[in-house]
Amino acid sequence: MTGSRVVALGHYQPAKVLTNEDLAAMVDTSDEWIRSRVGIETRHVAGPDEPVDELAAHAGAKALAAAGLAPADIDLVLVATSTAIDRSPNTAARVAARLGMGSPAVMDLNVVCAGFTHALATADHAVRAGSATRALVIGADKMADITDWSDRTTCVLVGDGAGAAVVEATAAGAEPGIGPVLWGSVPEMGHAVRIEGTPPRFAQEGQSVYRWATTQLPPIARKVCDRAGVTPEELAAVVLHQANLRIIEPVAQKIGAVNAVIARDVVQSGNTSAASIPMALSKLVERGEIESGAPVLLFGFGGNLSYAGQVIRCP
């Protein structure tokens, strides 16, 4: 059994930008109201001709290019998404077709906002077990498709996008680059974040989510560090699910990552669900804000009141 590591990242956002002022012309809200409550300034929104698998494929192609790999080098594609409209072919299969891959295993994972960290752990397990050699792991969501744009409590939160990571086995005897996952859920509180109905619509109980995230998640995140053999003070970066700046900042503070760069991509991108962590991480790496090999805490949380986190070594 060997370990695995993230070797490259990529991200993609649609061209259309929706500002707070744009939203104020659509619903009863304001730039000051949105910034003060969730910290969001802008978000990217995909058009009707940009399906979620297209967003995912763009991010995946960038990650492959950064890794110097061809599509045929991938034997497992995992896509974390909760906004795929069609059931089959699944999003991973459509990504594989768009990228011209050979015959990879293709799976979608729906763990909503914690989807990417669940998918990354699944890829790590597959490589460790020897059932995959290289995996393309993508978080992609098109929240525009499931949002009621007349509901000012939810439409101000969301954005569209995708982020991707290439995962491969570590060399024999090398230290694993993806630490043990710690994951779980609070099933009896699953109603706090919902995507339900026909057509499906996103809804949440904001105060319940805020209280749960800011009180229950910091000790769990510290346990993630313990499992990886890293103290919070040693973390070079913390990339939490980009739900709300008023959640990100207090949770990061309570974790105790005093020397870490804290991802705040929510300000420019909004809540992009499963895309938020890989997209934010990819941007930090692209800007050179994290050194290669440095420990980074990834921690997803949200829908189903699920959570999953691991410490990785920055590619």
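Please refer to the structure placed before this passage.
Just so we're clear, the structure is a prediction, and the values are computed from it rather than from any experiment. (Residues numbered from 1 in each chain as written. Predicted model: local features only at pLDDT ≥ 70, side-chain atom pairs only at ≥ 80, totals over all residues. Heavy atoms only, no water.)

Details of the overall build of the protein chain
Let me state the cut-off plainly: Secondary structure counts use DSSP, requiring at least four H or I residues in a row for a helix and at least two E residues in a row for a strand, with both numbered from the N terminus. What the globule rule says is 2.2 Å times the number of residues to the power 0.38, and the radius of gyration is computed from C-alpha atoms. Throughout this description, buried means an accessible area under 20% of the type-specific maximum (1.4 Å probe, protein chains only), exposed means over 50%, and partly exposed covers the range between. Only heavy atoms enter the contact rule, under which two residues are in contact if any of them lie within 4.5 Å. Note on areas: Shrake-Rupley with a 1.4 Å probe; residue coverage comes only from the protein chains shown. We score Asp and Glu as negative and Lys and Arg as positive, and we do not count His or the chain ends. The atoms used to mark charge sites are NZ of Lys, CZ of Arg, CG of Asp and CD of Glu.
A tally of helices and strands in the protein chain yields 10 helices and 14 strands. Computed over its C-alpha atoms, the radius of gyration of the protein chain comes to 18 Å, within 12% of the 20 Å expected for a compact globule of 315 residues. Across its three principal directions, the C-alpha atoms of the protein chain cover 60 × 45 × 40 Å. Expressed as a percentage of its 315 residues, the buried residues of the protein chain come to 57%. Taking the contacts inside the protein chain whose residues are at least 6 apart along the sequence as the reference set, 76% of them involve residues at least 24 apart. With an accessible surface of roughly 12400 Å², the protein chain has 50% of that area assigned to carbon and sulfur atoms. Positive and negative side-chain charges of the protein chain, numbering 25 and 33 respectively, have mean locations separated by a distance of 3 Å.

Remarks on the sheet that holds strand S4 (residues 76-80)
To be explicit about the condition: At least two bridges found by DSSP between two strands are what make those strands a pair. The convention used is that axes are lines fitted to C-alpha atoms, helices contributing only their stretch in contact, and that angles between N-to-C directions extend from 0 to 180 degrees.
Within the open sheet, the 5 strands sit side by side as S1-S7-S6-S4-S5. Their pairing is mixed. If you trace the sheet from one side to the other, it starts and ends with strand S1 (4-12) and strand S5 (105-109), each paired once. Strand-to-strand twist across the sheet, computed as the mean angle between neighbouring axes with direction ignored, equals 20 degrees. Helix-sheet contacts for helix H5 (residues 115-129) involve S1, S4, S5, strand S6 (134-142) and strand S7 (160-169), and the interaxial angle to S4 is about 160 degrees.

Observations concerning the packing of aromatic side chains
Put simply, the rule is: Under the pairing criterion, centres of Phe, Tyr and Trp rings, with the six-membered ring standing for Trp, must be within 6.5 Å; the plane angle then separates stacked pairs below 30 degrees from edge-to-face pairs above 60, leaving the rest tilted.
One pass over the full model with this rule turns up 2 aromatic pairs. Ring geometry for Phe 299 versus Phe 301: centroids 6.5 Å apart, planes at 40 degrees, classification tilted. The same class applies to Phe 299 and to Phe 301, which are both buried. Between Phe 299 and Tyr 307, the aromatic rings sit 6.4 Å apart at their centres with planes inclined by 10 degrees, giving stacked as the arrangement.

So, the environment of Glu 54
With respect to the helices and strands, Glu 54 occurs in helix H3 (residues 52-67). Expressed as a C-alpha distance, the spacing of Glu 54 and Ala 140, which sit 86 residues apart in the sequence, is 9.3 Å. Ignoring any residue separated from it by four or fewer positions in sequence, one finds Glu 54 in contact with Asp 49 and Arg 98.

A few points about the packing of H3 against helix H4 (residues 91-99)
Here is the rule we go by: We call two directions roughly parallel when the angle between them is under 35 degrees, roughly antiparallel when it is over 145, roughly perpendicular when it lies between 65 and 115, and oblique otherwise. Throughout, a crossing is termed right-handed when the near helix is turned clockwise from the far one, and left-handed when it is turned anticlockwise from it by less than a right angle. In this count, Pro and Cys sit with the nonpolar residues alongside Ala, Val, Leu, Ile, Met, Phe, Trp and Tyr, while Asp, Glu, Lys and Arg are called charged and the others, Gly among them, polar.
Contact geometry of H3 with H4 gives a least axis separation of 9 Å together with a crossing angle of 55 degrees. Considered as vectors, H3 and H4 are oriented oblique to each other. At the point where H3 passes H4, the crossing takes the right-handed sense. Residues Val 52, Asp 53, Glu 54, Ala 56, Ala 57, Gly 60, Ala 61 and Leu 64 of H3 lie in contact with H4, whose contacting residues are Thr 91, Arg 94, Val 95, Arg 98 and Leu 99. Its residues assigned to classes, the contact of H3 with H4 shows 7 nonpolar, 2 polar and 4 charged.

Things to note about the pattern of salt bridges
Note the cut-off: By salt bridge we mean one thing: a side-chain nitrogen of Lys or Arg within 4 Å of a carboxyl oxygen of Asp or Glu.
Counted by the stated rule, this structure contains 14 salt bridges. Residue Arg 5 pairs with Glu 168 through a salt bridge whose shortest N-O separation is 3.0 Å. One end of the pair, Arg 5, is in strand S1; the other, Glu 168, is in strand S7, and 163 residues separate them in sequence. Judged by relative accessible area, Arg 5 falls into the partly exposed class, the value being 36%. According to the relative accessible area criterion, Glu 168 is buried, its value standing at 14%. Between Glu 168 and Arg 134 there is a salt bridge, and its shortest N-O distance comes to 2.9 Å. Here the residue Glu 168 occupies a position in strand S7, and Arg 134 occupies one in strand S6, the gap between them amounting to 34 residues. Among the charged side chains, a network of salt bridges with common partners joins Arg 5, Arg 134 and Glu 168.

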